[in-house]
Amino acid sequence: MDNLIVARMQKFTVEDLMRCILGLQEIEIRIYFELLDMKEATVMEIAERVDRDRTTVQKALRSLMNCGLVEREKITEKSGFKYVYRPVEFKEVKEKMEKLLDEWYLSVKEWLKKY
């Protein structure tokens, strides 16, 4: 039984962990990694890169900002302003996931002691 569990765990990808630990959806994960590659981008630049409409990308970016994975800066231009999005370094994301996983592990361990 333990070998089966270990074998399943070895098949996990970073994306699987981000879905499980951070509760992210596929598009949010894809946008985060595209943004890591791009360094910074506007909504429209990201939308073109991931081949999704602007509103889908805006919603995903809002979710990523709420999770602390993306930062937004308002840039003033002659004709108004635009927002530029930048990803948080992946090292910080890994640290965040590790902390959340540790907290979950401790809470599950406490829960199991009750039974």
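In case you missed it, the structure is sitting above this.
Residues numbered from 1 in each chain as written. Predicted model: local features only at pLDDT ≥ 70, side-chain atom pairs only at ≥ 80, totals over all residues. Heavy atoms only, no water.

Turning to the nonpolar core, a few remarks are in order. Formed by 27 residues in total, the largest nonpolar core has its most connected members in Met18, Ile31, Tyr32, Ile46, Leu61 and Leu69. If you list the elements that add at least two residues to this core, you get helix 2 (14-22), helix 3 (26-38), helix 4 (43-50), helix 5 (54-66) and helix 6 (90-113). At seven residues, helix 3 tops the list of elements feeding residues into this core. Here Leu69 is in contact with Met18, Leu22, Leu24, Tyr32, Leu64, Arg86, Pro87, Val88, Val93 and Lys96, once residues within four sequence places are set aside. (Core = buried A, V, L, I, M, F, W, Y, C linked by side-chain atoms within 4.5 Å. Buried < 20%, exposed > 50% of the residue type's maximum accessible area, 1.4 Å probe, protein only. Helix = DSSP H or I, 4+ residues; strand = E, 2+ residues; numbered from the N terminus. Contact = heavy atoms within 4.5 Å.)

The next thing to look at is unusual backbone geometry. Not every positive phi belongs to a glycine, and Lys39 is a case in point at roughly 80°. By the element assignment, Lys39 lies in the loop between helix 3 and helix 4. Positive phi is not limited to glycine here, since Asp51 has a value of about 55°. Relative to the elements of secondary structure, Asp51 occurs in the loop between helix 4 and helix 5.

Where strand 1 (residues 70-77) lies against strand 2 (residues 80-87), eight bridges are found, and the strand directions are antiparallel. Across the sheet, the residue bridging to Thr76 is Phe81, located in strand 2. Connecting strand 1 to the next strand, strand 2, in antiparallel fashion are two residues. (Pairing = 2+ DSSP bridges.)

For the pair helix 3 and helix 4, interaxial distance at closest approach is 10 Å and the crossing angle is 110°. By the criterion of interaxial angle, the relationship of helix 3 to helix 4 is roughly perpendicular. The handedness of the crossing between helix 3 and helix 4 comes out as right-handed. Contacts from Ile27, Arg30, Ile31, Glu34, Leu35, Asp37 and Met38 in helix 3 reach Glu45, Ile46, Arg49 and Val50 in helix 4. (Axes fitted to C-alpha atoms, helices over the stretch in contact; angles between N-to-C directions. Parallel < 35°, antiparallel > 145°, perpendicular 65-115°, else oblique. Left-handed = near helix turned anticlockwise from the far one by under 90°.)

All quantities given are derived from atomic positions and should not be read as evidence of function.
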